[in-house]
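Read off the chains here:
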Amino acid sequence: MRALVIDDSRAMRRIVSSILTGFGYEVRDAGHGGEALDVLNEGWVPDLATIDWNMPVMDGLQFVSAVRANPAWRSMTMMMVTSESEHTQIVRALAAGAHEYVIKPFTADAIRDKLALLGLLPQEVAL
Amino acid sequence: MTTTDIGARPVIDELIDGPTVLSITEEAWISLVGEDEVLVPIPGELPADVVSSWVDVVGPWTGSVVLTTSRRTAEDLSRALLRESAPEVLEEEDVVDAFGEIANVVGGSVKAVLPGHSALSLPSVGTAPEIRNPADVCRIDVLWRGEPIVISVQGALPALPPHSTTP
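## Some remarks on the interface of chain A and chain B
Move 1: In this assembly, 17 residues from chain A lie in contact with 17 residues from chain B.
Move 2: Counted by class, the side of chain A that touches chain B contains 6 nonpolar, 6 polar and 5 charged residues.

Shown next, in the form of structure tokens:
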């Protein structure tokens, strides 16, 4: 399975990428929503995108909306991974088309649980 | 002054206390720096050469969540976050990125505790914003690997003038 990790912090991209690689994902990353759209437009469409909210150039919510506007990317599952934890913000993200929401700080187990809920945890990891 | 005064705005001690800030910071540490990394709530003396990372919170309470430590400790923190992907020689942008992300995560959790809707800025790294109102500061001091770090939740606005009692 493939994952695209979108966060303006290189350190956070490393942390999320490391967790997903440990689950068997092939991972690419992007520093903001615009870069992530470039990856998708190359034809590299992942099974999962983890998306920070507050980023320069194109934020996470704009990215989610852009993905939802393109039927070719409908199969991609989008999980917000963000320090935005207000209920209204979570509702906004889900209404825009995100499937799941993880609040920073998180643990690898929290990511694993969300992936299991989404059916995106490889079977050998889930066992 | 309290929020019950006409025209008053809350100060941070009415909204969050030191143990909560410590708990928030510890949770961020475990997630970002490492599960075995311990914060000891003991004050230490900051050296002259310090660097801060912070995020601004704008809402019913407006201010900044600021982490301050020595430049060397900020570099050690950055290495801890980057782990095996840390370069042999850290660039300034590596420290700005990693130290800033810690402020972002701690600030986001502080914002979640505050009442009402607030907006969070992108993180900044450099010289901390000045304290405008000493009564609007919640500060904790910790040691990480024996090195002092100060976490300060500090208001951005000066103190209001005393409330007039004259009719």
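There is more to say, and it comes next.
## Topic: the pairing of strand E3 (residues 48-51) of chain A
Residue and element names in this part refer to chain A.
Move 1: Side chains Leu48 and Thr50 of E3 all project onto a buried face; the interleaved residues Ala49 and Ile51 project onto the opposite face, where all are buried too.
Move 2: Bridge analysis of strand E1 (residues 2-6) against E3 gives 4 bridges, and the strand direction is parallel. Each residue of the ladder has a partner; that of Leu4, found in E3, is Ala49.
Move 3: Handedness of the E3-helix H3 (residues 60-68)-strand E4 (residues 77-82) crossover: right-handed.

## Some thoughts on the packing of helix H2 (residues 33-41) of chain A against H3 of chain A
All names here are of chain A.
Move 1: Relative to each other, H2 and H3 sit at 25°, their axes nearing to 9 Å. Taken together, the axis directions place H2 and H3 in an arrangement best described as roughly parallel. In this structure, H2 meets H3 at a crossing whose hand is right-handed. Here Gly33, Ala36 and Leu37 of H2 come into contact with H3, specifically with Gly60, Gln62, Phe63 and Ala66.

## So, the pairing of strand E5 (residues 100-103) of chain A
Residue and element names in this part refer to chain A.
Move 1: Pairing of E4 with E5, which is carried by 4 bridges, proceeds in the parallel orientation. Following the sheet pairing, Met79 is matched in E5 by Glu100.
Move 2: Running through helix H4 (residues 87-96), the crossover from E4 to the neighbouring parallel element E5 is right-handed.

## Some remarks on the nonpolar core
Move 1: Membership of the largest hydrophobic core comes to 72 residues, with the highest contact counts inside it found for Ile51 of chain A together with Val65, Ile102 and Val106 of chain B.
Move 2: Looking at this core element by element, the count peaks at 8 residues for helix H3 (residues 92-113) of chain B.
Move 3: Not counting chain neighbours up to four residues away, the residues in contact with Ile102 of chain B comprise Ala28, Leu32, Ser53, Leu67 and Leu77 of chain B.

## Section: unusual backbone geometry
All names here are of chain A.
Move 1: Following Lys104, the chain continues into Pro105 via a peptide bond in cis, with omega recorded as 0°.
Move 2: In this fold, Pro105 is placed in the loop between E5 and helix H5 (108-118).
Move 3: Positive phi, close to 70°, is recorded for Val57, a residue that is not glycine.
Move 4: Relative to the assigned elements, Val57 resides in the loop between E3 and H3.

## Quick word on helix H1 (residues 10-22) of chain A
Residue and element names in this part refer to chain A.
Move 1: With 13 residues, H1 should reach 18 Å at 1.5 Å per residue; the first-to-last C-alpha distance of 18 Å fits that figure.
Move 2: Ala11, Met12, Arg13, Arg14, Ile15, Val16, Ser17, Ile19 and Leu20 are the residues of H1 that are buried.
Move 3: Trailing H1 by a residue or two, Gly24 shows a phi angle of about 95°, which is positive.

## Observations concerning the environment of Glu14 of chain B
Move 1: As for its position among the elements, Glu14 of chain B is in the segment before helix H1 (18-32).
Move 2: Between the alpha carbons of Glu14 of chain B and Val113 of chain B there is a distance of 12 Å; along the sequence they are 99 residues apart.

## Observations concerning the sheet that holds E5 of chain A
All names here are of chain A.
Move 1: An order of E2-E1-E3-E4-E5 is seen for the 5 strands of this open sheet, with the pairing classed as parallel. The open sheet is flanked by strand E2 (26-30) and E5, the only strands paired with a single partner. Taking each pair of neighbouring strands and ignoring which way they run, the sheet shows an average axis angle of 20°.
Move 2: On the sheet, H5 packs against E4 and E5 and is oriented at approximately 175° with respect to E5.

## Observations regarding the confidence of the model for chain B
Residues and elements named next belong to chain B.
Move 1: Across chain B, the average pLDDT comes to 90, with 93% of residues at or above 70.
Move 2: When pLDDT is averaged over each helix and strand of chain B, the minimum, 92, is found for strand E4 (residues 119-120) and the maximum, 98, for strand E3 (residues 63-70).
Move 3: A low-confidence stretch, residues 1-6 stays under pLDDT 50, and its non-local contacts, those more than four residues away or across chains, total 8 contacts.
Move 4: Complex prediction metrics read pTM 0.88 and ipTM 0.84.

Conventions used here
Residues numbered from 1 in each chain as written. Chains lettered and ligands numbered in written order. Predicted model: local features only at pLDDT ≥ 70, side-chain atom pairs only at ≥ 80, totals over all residues. Contact = placed C-beta atoms within 7 Å. Nonpolar A, V, L, I, M, F, W, Y, C, P; charged D, E, K, R; others polar. Buried ≥ 20, exposed ≤ 12 C-beta atoms within 10 Å, placed from the backbone. Helix = DSSP H or I, 4+ residues; strand = E, 2+ residues; numbered from the N terminus. Pairing = 2+ DSSP bridges. Right-handed = clockwise from strand over helix to strand, strands pointing away. Axes fitted to C-alpha atoms, helices over the stretch in contact; angles between N-to-C directions. Parallel < 35°, antiparallel > 145°, perpendicular 65-115°, else oblique. Left-handed = near helix turned anticlockwise from the far one by under 90°. Core = buried A, V, L, I, M, F, W, Y, C linked by C-beta atoms within 7 Å. Expected span 1.5 Å × (residues − 1). pLDDT = per-residue confidence, 0-100.

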